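# Structure assessment
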Amino acid sequence: QMDQLSRLYQEKKLEEALNLLKKMMHQFPEVLNIYLINGSINYDLGRYRSAIKSYQAVIKLMPDHAEAYNLIGLNLRKLSFYNAAIKSCKKAIEIKPHYAEAYSNLGNIFVDIKKVKEGIKCFRNASTLKPNLLAAIFNLGVTLSEENQYEHSISNFKKVIELNPFHLEALYNLGNDLNKTGCLFDAANTYQKVITLRPDNHEFYNNLGIV
């Protein structure tokens, strides 16, 4: 059944995968991975309440399952239940103090509700705990850029690109911030790299033309 489930997921037959998972839950009601996969697919489909129910089932089986609390927080954020999302992510961190992904998710929630300093602190905690966590480093860069802290945002975008030279959003944001700080040659070179990756986007050509 797991092989069949994997095949359905790879083929993007998500409704069929969910039907199979439903049967598997009845057959194997105490297998955590079934509920985790069910939650993940529901998240992909934008069915956040269903995803939350799946992760709550995980917690019922294993009360100290940090990942489930973090994923509940992720889905609550999508539903704009920010206070509950914060509480869930903090619970994940309480269970697993070095949980970088939970800090990263918590940072996004704080930024959403305009608590930018708390968000920046969470992103920094996440990237310290896990120096290759691209999402935390990138989101820290975006947040610092929005706060006009370009020296620091540029540094973070460069870190992302060191880890993944094909990270389109990091390259584009780096080009923008280099442009804002008057580093025009570097900005032009960066935009050219972006265009190489996405030659069909008129906005990238426009920015390069302005530089």
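As shown above, the structure is provided for reference.
The rules behind the values
Residues numbered from 1 in each chain as written. Predicted model: local features only at pLDDT ≥ 70, side-chain atom pairs only at ≥ 80, totals over all residues. Heavy atoms only, no water. Phe/Tyr/Trp six-rings, centres within 6.5 Å; stacked < 30°, edge-to-face > 60°. Helix = DSSP H or I, 4+ residues; strand = E, 2+ residues; numbered from the N terminus. Buried < 20%, exposed > 50% of the residue type's maximum accessible area, 1.4 Å probe, protein only. Lys NZ or Arg CZ within 6 Å of the ring centre and 35° of its normal. Expected span 1.5 Å × (residues − 1). Contact = heavy atoms within 4.5 Å. Salt bridge = Lys/Arg side-chain N within 4 Å of Asp/Glu carboxyl O. Core = buried A, V, L, I, M, F, W, Y, C linked by side-chain atoms within 4.5 Å.

### Examining the packing of aromatic side chains
Under the definition given, this model contains 4 aromatic pairs. Residues Tyr172 and Phe204 carry aromatic rings whose centres are separated by 5.0 Å and whose planes lie at 50° to one another, so their mutual orientation is tilted. Remark: Phe204 occurs in helix α13 (residues 202-210) and Tyr172 occurs in helix α11 (residues 168-180); sequence separation between them is 32 residues. This pair shows no difference in class: Tyr172 is buried, exactly as Phe204 is. Pairwise contacts between aromatic rings join Tyr172, Tyr191 and Phe204 into one cluster. Above the face of the Tyr9 ring, Lys12 is positioned so that its terminal group lies 5.9 Å from the ring centre.

### Side note on helix α5 (residues 66-78)
Its 13 residues give α5 an end-to-end C-alpha distance of 19 Å, which sits within 8% of 18 Å, the value for a rise of 1.5 Å per residue. Judged by how many residues are buried, α5 sits mostly within the fold: 10 of 13 residues are covered. Looking at α5, one finds that the buried residues are Ala66, Ala68, Tyr69, Asn70, Leu71, Ile72, Gly73, Leu74, Asn75 and Leu76. Looking at the buried side of α5, the elements it contacts are α3 (32-44), α4 (48-61), α6 (82-95) and α7 (100-112). Downstream of α5 by one or two residues, Ser80 has phi in the positive range, about 65°.

### So, the pattern of salt bridges
Following the criterion strictly, the structure yields 8 salt bridges and no others. Here Lys13 and Glu11 are joined by a salt bridge, their closest N and O atoms 3.2 Å apart. One salt bridge in this structure joins Asp177 and Lys180, with 3.7 Å as the shortest N-O distance. Here Lys180 and Asp177 lie together in helix α11, a separation of 3 residues that amounts to about one turn. One network of salt bridges, in which partners are shared, links Arg7, Glu11 and Lys13.

### A word on the nonpolar core
Of all hydrophobic cores here, the largest spans 42 residues; its most connected members are Leu21, Tyr55 and Leu106. Secondary-structure elements contributing two or more residues to this core are α1 (2-10), α2 (14-27), α3, α4, α5, α6, α7 and α8 (116-129). When residues no more than four places from it in sequence are discounted, the contact partners of Leu106 are Ile86, Cys89, Lys90, Ile93 and Cys122. Phe138, Ala187, Tyr191 and Phe204 belong to the second-largest nonpolar core, a separate cluster that totals 16 residues.

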